[in-house]
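Listed below are the residues making up each chain.
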Amino acid sequence: MMKKLFPCIALLTITGFYAQNMKNFSVPKEYKKVIEVKGDLDKDGKDETVLVFETDKTASDYERAPGKKDYKRVFYILKNEKEQLKIWKENSTLLYSSGMGFYPDDNILNIQIKNNCLVVKQQFSSNSRHTQTSKHTFRFQNGDFYLIGSYDNFADNCEFDFTNEVNFSTGKVLVDKEYSSCDEDQKTPENVHKEFVHKLKTLIKMDDYRMGEHQFRIPGLKEDFVF
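Residues numbered from 1 in each chain as written. Predicted model: local features only at pLDDT ≥ 70, side-chain atom pairs only at ≥ 80, totals over all residues. Heavy atoms only, no water.

1. Some details on the environment of phenylalanine 25
Then comes step 1: Position of phenylalanine 25 relative to the elements: it lies in the loop between helix H1 (2-20) and strand S1 (32-39).
Then comes step 2: A relative accessible area of 11% means that phenylalanine 25 is categorised as buried.
Then comes step 3: Distance from phenylalanine 25 to leucine 78, taken between C-alpha atoms, is 7.7 Å for residues 53 residues apart in sequence.
Then comes step 4: Other than its neighbours up to four places away in sequence, phenylalanine 25 contacts Leu51, Phe53, Tyr76, Leu78, Gln84, Leu85, Lys86 and Ile87. (Helix = DSSP H or I, 4+ residues; strand = E, 2+ residues; numbered from the N terminus. Buried < 20%, exposed > 50% of the residue type's maximum accessible area, 1.4 Å probe, protein only. Contact = heavy atoms within 4.5 Å.)

In structure tokens, the structure reads:
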């Protein structure tokens, strides 16, 4: 019986120590709340709170309209300990700024807690024809949040639709390139569809992940899978 109890006691001790060392959360002055979602991220039966804020720090000199500037965004993952919200995780590198893209007012930012994972979906138009969509899934394990899924779609409203998707838990990778044309007489390249398995030696922590700065070779193609 004691052997069975010891791991549980040790886990509770570590969890309690970690909680005591988390800083209390208060809304930073001049920050504007964009999103709030709740859900259980560490399977302890208690909901965490995820808050996204538009900060007071400008990301660029871009101005959509008088007074509507381009601001950096940040999100917090908060734990509720004895009626006090505490900062479990803070990240300011994963989210696009408020003025990103060609039509910032039409941008999409969606955050969900699904199957105990944090799912971050973003979409913006890079010009009048191109749309960029990304989705990143993070799971809490081994004491930290790790990237376990990445989806990226780059589409032109007339000529192409490219998708790169990977599940790092299974290693399953999908590369899909579809070509089209608004000109019926124009010849288009052949479509490309590849599925293969690529497992990372070490999963990437949320704090170490930077969109577009990670890659591995696609078998049979002279290009890399960038995520």
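2. A short note on the pairing of strand S5 (residues 108-114)
A regular strand places its side chains so that they alternate between the two faces of the sheet.
Then comes step 1: As judged from the seven bridges shared by S5 and strand S6 (residues 117-125), these two strands associate in the antiparallel manner. Paired with leucine 109 across the strands is glutamine 122, a residue of S6.
Then comes step 2: Between the end of S5 and the start of S6, which pair antiparallel, lie two residues, with asparagine 115 showing a positive phi angle near 55°. (Pairing = 2+ DSSP bridges.)

3. What about the state of the cysteines?
Then comes step 1: Under the definition given, this model contains one disulfide.
Then comes step 2: Covalently, cysteine 158 is tied to cysteine 182 through a disulfide, its sulfur atoms 1.8 Å apart. Taken together, the positions of cysteine 158 in the loop between strand S8 (144-156) and strand S9 (160-167) and cysteine 182 in the loop between strand S10 (172-179) and strand S11 (192-197) put the pair 24 residues apart, joining distant regions of the chain. (Disulfide = S-S within 2.5 Å.)

4. Focus on the packing of aromatic side chains
Then comes step 1: All told, the structure shown has 19 aromatic pairs when counted by the stated rule.
Then comes step 2: When the ring of phenylalanine 53 is compared with that of tyrosine 76, the centres are 6.0 Å apart and the planes differ by 75°; the resulting orientation is edge-to-face. With phenylalanine 53 in strand S2 (residues 48-65) and tyrosine 76 in strand S3 (residues 68-81), this pair connects stretches of sequence that are 23 residues apart. We note that phenylalanine 53, like tyrosine 76, is buried.
Then comes step 3: When the ring of phenylalanine 102 is compared with that of tyrosine 103, the centres are 4.8 Å apart and the planes differ by 80°; the resulting orientation is edge-to-face. (Phe/Tyr/Trp six-rings, centres within 6.5 Å; stacked < 30°, edge-to-face > 60°.)

5. Quick notes on the pattern of salt bridges
Then comes step 1: Tallying each qualifying case throughout the model produces 14 salt bridges.
Then comes step 2: Lysine 79 is the partner of aspartate 44 in a salt bridge, and the nearest nitrogen-oxygen pair spans 3.5 Å. One end of the pair, aspartate 44, is in the loop between S1 and S2; the other, lysine 79, is in strand S3, and 35 residues separate them in sequence.
Then comes step 3: Overall, the relative accessible area of 37% leaves aspartate 44 in the partly exposed class.
Then comes step 4: By relative accessible area, lysine 79 is classed as buried at 8%. (Salt bridge = Lys/Arg side-chain N within 4 Å of Asp/Glu carboxyl O.)

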